[in-house]
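Topology and contacts: notes
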Amino acid sequence: MCGILSIVAKDKAMKAASLAEACSIIRHRGPDDEGFLTWNRGDDPVLWAGDDTAASTLQHLHYQHLPQDHTFQVGFGHRRLSILDLSPAGHQPMLYHNAGLAITFNGEVYNYLEIREELVALGHSFVSTSDTEVILHAWAQWGEKCIDRFNGMFAFVILDYKNNQLYAVRDRFGVKPLYYYDNGEALYLTSELKQIRTDPQYKLSLNETLVRQYLVTGAINHTQATFDTNIHALPPGHLLHINLSAASTSFAVKAWYTLQPRKWSGTFDEAIAEFRRLLIDAVRLRLRSDVTVGSCLSGGLDSSSIVCIAADLLKAGGDNAGQETVTACYENARFDEWKFALEVINKTNARPHRTFPSFNQLVQEIDDFLWHQDEPTGSTSQFSQWAVFKATHDAGLKVMVDGQGADEQLAGYGGNDLPLYAGYAGSGNWGRLLDEMKHYKQQNGNWPIGFVAGGIQLGIGGLMAALLPSRLKLKPVPNALWLSQPEPSSIYSQPARSLQENLLRQMNGEPLPALLRYEDRNSMAWSVESRTPFMDYRLVEFTLGLPPEYIYLRGERKTILRRAMQGILPPAIENRKDKMGFVTPEELWLREEGKEWFLKGVNKTLELFPHLFNKERTLQMFDDMASGKTRFDFTIWRILALGRWYSNLNNSTHVDAISKVG
């Protein structure tokens, strides 16, 4: 896990000072080592040291320090968090001279050992034990088609300097970030937006369309757009290519992967066995590391499954010490999951660490938190995650596994009922629909009339839908009236027509891409690598191809996960029906000790963006929510976070979180 950078000059060469500055600002992503590469057409690339290059690297590789006035056509920068092959042999940027290839790489290719064995059988030899070198040799052997073989999270830039080609690649689901920015003189490829902001020519061009959408819906990172109209994310599963021989050095972006669910034709019991096999193997691969691997443990079904599987795998390998876990806890029982986490800890002999995020901590650390996030966040839940990774760093852990990605493919969220009913209505599966209705009545005391009526309209429409009374007909998506211009309260014009369609929306649009960004920035702020077994593409393709009743059955979400984990999870976890995750007492903070602080933040945003808001309605909304007159949601936080982020955008006082604690 690292931070990467590439700058490609257009008409005239760039100076190396630009590389150094854009690399130093992400020291948190890789405090263990630093390296640079420069290349000019017709020459071989040159590797350079930086101010933070490890002493062991300098001793073994004897690189010269990068001169600030040195010029280049293509430059690479790299910050290393040493996880695999801790020796200087794993230093980056890395060259494969025989093939004329160079790389700067962020992430992990978990199945690198299997790919390496295949390459050795084809005649390749290696000088390191890193996955980075495996990528270079795989590219030399199979070209860009090698990416299909990689199981992992990755973003990398490869320079084919013999053929004057450059490629930037992002993993299937965008677990690792990669941004591009063209200022007319150079193209920047970066891990974080703050690297681009070091460009002397950079000036924010606020994407107000995205800002309004974020404020109302909370959706963010669901497209390649960012809060700056000039900066784009390379979409997940995409590749950017530049022909460096061409006069214009223009680039093209194309997809190398599209999620295609694998339709399941076996029995439910066979599906349970296959799900269990895939999840266990996903965890097994993500335990590969040359440093200690711990776990984020909330006490929920997803993270508990990961911890229990990892414990069994480690014991089978002779490691009985027990994993180290980190849990966010709260004094208020309504928001605390410690009793559930303790069930897992006792079963697995884990060594726990606890952190207690507080309102005072939020006030003290909000600016650094938002600086690391690069863009505003959806709620203070992401601050709870920040606190977990801070505690992870304090515990001396560098790699963590967690349950991110399970909710989106296993219907873990509310809001899946209507698409489920619509799918059954659309396919004419009235028996399943009636069964779900009965169990809904048993669990909730009333019939799901609204879900059934909505499902009929979405699933079959026509005369039957037209005959429904007006009170049961689907209403248009309402607009938020506290903005100066109306903004729909959903990024979709209507609900999904099946459970699978809704899960795909959650995977590809909202909320997963944003959650992956939050996790990447929060973990890397504290120089921690976060691994997500549920994002293994084999598991995702399998799960999304299952019949809906395997996922959501008789009011029970994550059905197949619960069945697959029988005998592995403590019963108290297996039978949990509530969902919390990285929660905070944000509602209490807003209505009690933090009311004035939140109001001050809202007013600041109103001052900064008067043209975006209807001030009177916004303040009335604040009063109603803070007083309990209206239902709590995260709108107030989003308004506050926007203003706080914007105010601090050019504040140079914010530094790497890791630097603050040594």
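Residues numbered from 1 in each chain as written. Predicted model: local features only at pLDDT ≥ 70, side-chain atom pairs only at ≥ 80, totals over all residues. Heavy atoms only, no water.

**Observations regarding the pairing of strand β11 (residues 179-182)**
Pairing geometry for β11 and strand β12 (residues 186-190), over four bridges, is antiparallel. Paired with D182 across the two strands is L187, which belongs to β12. Here β11 folds back onto β12 in antiparallel fashion, the turn holding three residues, of which G184 has a positive phi close to 95 degrees. Summarising the sheet, β11 and strand β13 (residues 231-233) pair through three bridges and their orientation is antiparallel. Residue pairing in the sheet places Y179 in a bridge with A233 of β13. (Pairing = 2+ DSSP bridges. Helix = DSSP H or I, 4+ residues; strand = E, 2+ residues; numbered from the N terminus.)

**Here we look at the nonpolar core**
Residues W139, F150, F156, F275 and L279 are the most contacted members of the largest nonpolar core, which totals 95 residues. Per element, the largest residue contribution to this core is seven residues, and it comes from helix α7 (residues 268-286). When neighbours within four sequence positions are excluded, F275 is seen to be in contact with L410, F534, L539, F542, T543, I560, L561 and A564. Among the nonpolar cores identified, the runner-up in size contains 54 residues, and L206, Y518, V602 and F613 belong to it. (Core = buried A, V, L, I, M, F, W, Y, C linked by side-chain atoms within 4.5 Å. Buried < 20%, exposed > 50% of the residue type's maximum accessible area, 1.4 Å probe, protein only. Contact = heavy atoms within 4.5 Å.)

**Observations regarding a nonpolar patch on the surface**
Together, W430, I460 and M464 line one region of the surface with nonpolar side chains, adding up to about 290 Å² of accessible area. Tracing the backbone through its elements, the reader meets W430 in helix α14 (residues 430-444). (Patch = residues over 30% accessible without salt bridge, like charges linked within 9 Å, V, L, I, M, F, W, Y side chains within 5 Å. Areas by Shrake-Rupley, 256 points an atom, 1.4 Å probe, with all protein chains shown as cover. Salt bridge = Lys/Arg side-chain N within 4 Å of Asp/Glu carboxyl O.)

**Examining the packing of helix α10 (residues 359-373) against helix α11 (residues 381-394)**
Viewed as axis vectors pointing N to C, α10 and α11 meet at an angle of 90 degrees, and their least axial separation amounts to 11 Å. With respect to each other, α10 and α11 are oriented roughly perpendicular. For the pair α10 and α11, contact is made by Q361, L362, E365, D368, F369 and H372 and by Q382, F383, W386, A387 and K390, respectively. Taken together, the residues that form the contact of α10 with α11 break down as five nonpolar, three polar and three charged. (Axes fitted to C-alpha atoms, helices over the stretch in contact; angles between N-to-C directions. Parallel < 35°, antiparallel > 145°, perpendicular 65-115°, else oblique. Nonpolar A, V, L, I, M, F, W, Y, C, P; charged D, E, K, R; others polar.)

**What about the layout of surface pockets?**
When its volume is computed, the second largest pocket comes out at roughly 480 Å³. For the lining of the second largest pocket, the elements supplying multiple residues, two or more each, are α17 (499-508) and α18 (512-525). Per-element tally for the lining of the second largest pocket: the top contributor is α18, with five residues. The class makeup of the residues in the lining of the second largest pocket is 14 nonpolar, nine polar and six charged. (1 Å grid on protein atoms, 1.4 Å probe; cavity = no way out; pocket = protein on both sides within 12 Å on 5 of 7 lines; lining within 4 Å. Points joined across faces, edges and corners; volume = space filled by probe spheres on them.)

**As for the packing of helix α13 (residues 417-427) against α14**
Close contact between α13 and α14 brings their axes to 8 Å; oriented N to C, the two are set at 150 degrees. Compared by their axis directions, α13 and α14 come out roughly antiparallel. In this structure, α13 uses L420, Y421, Y424 and A425 to contact α14, whose residues at the interface are W430, R432, L433, E436, M437 and Y440. For the contact of α13 with α14, the class distribution of residues is eight nonpolar, no polar and two charged.

**Details of the pairing of strand β10 (residues 165-170)**
In terms of burial, β10 is largely enclosed, as six of its six residues are buried. Neither face of β10 is left uncovered, since the one carrying Q165, Y167 and V169 and the one carrying L166, A168 and R170 both have all their residues buried. One ladder, built from six bridges, connects strand β9 (residues 152-160) with β10; its direction is antiparallel. Paired with L159 across the strands is L166, a residue of β10. The hairpin formed by β9 and β10 contains four residues between the paired strands, and N164 there has a positive phi angle of roughly 60 degrees. Strand direction decides the pairing type here: β10 and strand β14 (residues 238-243), joined by five bridges, are antiparallel. The partner of Q165 across the bridge, within β14, is N243.

**With respect to helix α25 (residues 615-627)**
For α25, built from 13 residues, the straight-helix expectation of 18 Å at 1.5 Å per residue is met to within 8% by its first-to-last C-alpha distance of 18 Å. Burial in α25 covers these residues: T618, M621, F622, D624, M625 and A626. The inward-facing, buried residues of α25 abut α23 (586-591), α24 (595-608) and α26 (635-647). Of the residues flanking the end of α25, it is G628, one or two places downstream, whose phi is positive at about 90 degrees. (Expected span 1.5 Å × (residues − 1).)

**Topic: the sheet that holds β11**
If you walk across this open sheet you meet the seven strands as β4-β3-β6-β1-β12-β11-β13, and the pairing is antiparallel. At either margin of the open sheet sits one strand with a lone partner, and together these are β4 (46-49) and β13. The mean angle between the axes of side-by-side strands here comes to 15 degrees, regardless of whether they run parallel or antiparallel. Where strand β1 (residues 2-9) and β12 come together, five bridges link them in antiparallel fashion. Bridge pairing in β12 places A9 opposite A186. Strands in contact with helix α1 (residues 17-24) are β1, β3 (33-39), β6 (74-80) and β12; relative to β6, the strand with the most contacts, it is inclined by about 25 degrees.

**Things to note about unusual backbone geometry**
Cis geometry marks the peptide bond from Q92 to P93; its omega dihedral reads -5 degrees. With respect to the secondary-structure elements, P93 resides in the loop between β6 and β7 (94-96). Omega for the bond connecting E510 with P511 falls within 30 degrees of zero, at 20 degrees, which places this linkage in the cis form. By the secondary structure assignment, P511 is in the loop between α17 and α18. In this model, K558 sits at a positive phi of 60 degrees, which is unusual for a non-glycine residue. By the element assignment, K558 lies in the loop between β24 (556-557) and α21 (559-564).

**Let's talk about the side chain of D520**
Looking at where D520 falls in the secondary structure, it is placed in helix α18. Each residue touching D520, except ones within four places of it in the same chain, is listed here: R29, V175, K176 and P177.

**Side note on the packing of aromatic side chains**
All told, the structure shown has 27 aromatic pairs when counted by the stated rule. With a centroid separation of 6.3 Å and an interplanar angle of 55 degrees, the aromatic rings of W645 and Y646 are classed as tilted. Linked through ring pairs, F105, W139, F150, F154, F156, Y167, F173, W256 and Y257 together constitute an aromatic cluster. Of note, R172 hangs over the ring of Y537, and the distance from its end group to the ring centre comes to 3.7 Å. Here the basic side chain of R354 rests over the ring of W338, its NZ or CZ set 4.1 Å away from the ring centre. (Phe/Tyr/Trp six-rings, centres within 6.5 Å; stacked < 30°, edge-to-face > 60°. Lys NZ or Arg CZ within 6 Å of the ring centre and 35° of its normal.)

**Quick look at the sheet that holds strand β17 (residues 324-328)**
Spatially, the five strands line up as an open sheet ordered β18-β17-β16-β19-β22, and their pairing is parallel. Edge strands, defined here as strands with exactly one partner in the open sheet, are β18 (351-355) and β22 (529-531). Within this sheet the neighbouring strands show an average axis-to-axis angle of 30 degrees, counted without direction. Sheet topology places strand β19 (residues 399-401) next to β22; three bridges connect them, and they run parallel. By the bridge assignment, M400 is partnered in β22 with S530.

**Remarks on the environment of V127**
Relative to the assigned elements, V127 resides in the loop between α3 (112-121) and α4 (131-142). The exposure class assigned to V127 is exposed, which follows from its relative accessible area of 73%. With sequence-adjacent residues up to four places away left out, V127 is seen in contact with A89 and E133.

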